[in-house]
Amino acid sequence: MQSIIYDVAVSIDYLIAGPNEDITQFAHEGPVVEDYGQRLSTYSCAIMGRKTYEFGYRYGLEPGQNPYPHLKTYIFSQTLDLPADREVQIVRDNQRALLQELRQIQDGPIYLCGGGAFAGALMADNEIDIIRLKRAPILLGEGIKLFGEISCSTKILCTETKAYDDGYLYQEFRVRH
């Protein structure tokens, strides 16, 4: 059974974006980004919520386009409307059943892209198995929280830590269900 992995950049104050969904203070190149790219190549598919998908429009993503062409991408949304010739799959119903099916049929881990509300809902439902944080040496003050507004309490175990010369810290945590 494959793991669902939340792999995300986060500030020291656990925000994945600043005010107005600003991500410009996070690294866009360098060793931490190169390592992320390497991990990205190991995922078998991507899952995300509507807000994360639509966030890509700011960076040239066209409605219906797959942000990760090498991965089958699933957008979990009740309201997203995309063209019929879309490259992504919209998941409106039976979301939990699809997650269980993906865990069974995929040949590698499942990438939870983005976060906030969707990641919080998955965490509250005990669906996230591994959390991979690229902790940036920044304080954003306000913005989108790592798990949105959802409050959850669970035990995690740090399984890996890597410090980068530029102040970034990569940490991997296994969620104990």
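Before reading further, recall that the structure is shown in the block above.
Please read all numbers here as calculations on a predicted model, not as lab measurements.

Cut-offs and rules
- Residues numbered from 1 in each chain as written.
- Predicted model: local features only at pLDDT ≥ 70, side-chain atom pairs only at ≥ 80, totals over all residues.
- Heavy atoms only, no water.
- Helix = DSSP H or I, 4+ residues; strand = E, 2+ residues; numbered from the N terminus.
- Rg over C-alpha atoms; globule rule 2.2 N^0.38 Å.
- Buried < 20%, exposed > 50% of the residue type's maximum accessible area, 1.4 Å probe, protein only.
- Contact = heavy atoms within 4.5 Å.
- Areas by Shrake-Rupley, 256 points an atom, 1.4 Å probe, with all protein chains shown as cover.
- Lys, Arg positive; Asp, Glu negative; His and termini not counted.
- Charge placed at Lys NZ, Arg CZ, Asp CG, Glu CD.
- Core = buried A, V, L, I, M, F, W, Y, C linked by side-chain atoms within 4.5 Å.
- Pairing = 2+ DSSP bridges.
- Axes fitted to C-alpha atoms, helices over the stretch in contact; angles between N-to-C directions.
- Phe/Tyr/Trp six-rings, centres within 6.5 Å; stacked < 30°, edge-to-face > 60°.
- Disulfide = S-S within 2.5 Å.

Caption draft 1: Structural context of the overall build of the protein. Each helix and strand counted, the protein has four helices and 10 strands in total. Taking 177 residues into account, the globule formula puts the C-alpha radius of gyration at 16 Å, and the protein, at 16 Å, falls close to it. If you line up the protein on its principal axes, its C-alpha atoms span 45 × 35 × 30 Å. In the protein, buried positions account for 47% of the 177 residues. For the protein, the proportion of contacts with a sequence separation of at least 24, taken over those separated by at least 6, is 70%. Only carbon and sulfur atoms are counted for the fraction: they give 48% of the accessible area of the protein, which is about 9,300 Å². Charge-centre separation for the protein: the mean point of 17 positive side chains lies 7 Å from the mean point of 24 negative side chains.

Caption draft 2: Representation of the nonpolar core. Of all hydrophobic cores here, the largest spans 26 residues; its most connected members are Tyr6, Ile47, Leu112, Ile128 and Ile131. Excluding residues that lie within four positions of it along the chain, Ile128 makes contacts with Ile4, Tyr6, Arg103, Leu112, Ala119, Leu122, Met123, Phe147, Val175 and His177. Core analysis: the second largest hydrophobic core is formed by 18 residues, Tyr36, Leu71, Ile75 and Cys113 among them.

Caption draft 3: Focus on the sheet that holds strand S1 (residues 4–10). Reading across the sheet, the eight strands line up as S5-S4-S3-S6-S1-S7-S10-S9 and stay open at both edges, with mixed pairing between neighbours. Edge positions in the sheet fall to strand S5 (89–91) and strand S9 (155–163), since each of these pairs with one other strand and no more. The average angle at which neighbouring strand axes cross in this sheet is 25°, direction not considered. Pairing geometry for S1 and strand S6 (residues 110–112), over three bridges, is parallel.

Caption draft 4: Structural context of the packing of aromatic side chains. A full pass over the atoms with the stated rule returns seven aromatic pairs. With a centroid separation of 5.6 Å and 80° between ring planes, the pair formed by Tyr68 and Tyr111 is classed as edge-to-face. Separated by 43 residues along the polypeptide, Tyr68 in the loop between helix H2 (50–55) and strand S4 (72–76) and Tyr111 in strand S6 bring together distant segments of the chain. The buried category is assigned to Tyr68, whose relative accessible area is 13%. Of the residues examined, Tyr111 reaches a relative accessible area of 2% and is grouped as buried. Aromatic pair Phe76 and Phe118: ring centres 5.1 Å apart, planes at 35°, arrangement tilted. Separated by 42 residues along the polypeptide, Phe76 in strand S4 and Phe118 in helix H4 (residues 117–124) bring together distant segments of the chain. An identical accessibility class is assigned to Phe76 and Phe118; each is buried. Connected via pairs of aromatic rings, a cluster forms that spans Tyr36, Tyr43, Tyr68 and Tyr111.

Caption draft 5: Representation of the state of the cysteines. According to the stated counting rule, one finds zero disulfides in the structure shown. Looking at Cys45, it has no disulfide partner, and the nearest cysteine sulfur is the one in Cys113, 12 Å off. Residue Cys45 is classed as buried on the basis of its relative accessible area of 0%. Looking at Cys152, it has no disulfide partner, and the nearest cysteine sulfur is the one in Cys158, 18 Å off.

Caption draft 6: Just unusual backbone geometry, in detail. One non-glycine residue with positive phi stands out, namely Asn20, at about 60°. Position of Asn20 among the secondary structure elements: in the loop between strand S2 (15–17) and helix H1 (31–40). Non-glycine residue Asn126 carries a positive phi angle of around 60°. In this structure, Asn126 sits in the loop between H4 and strand S7 (130–135).

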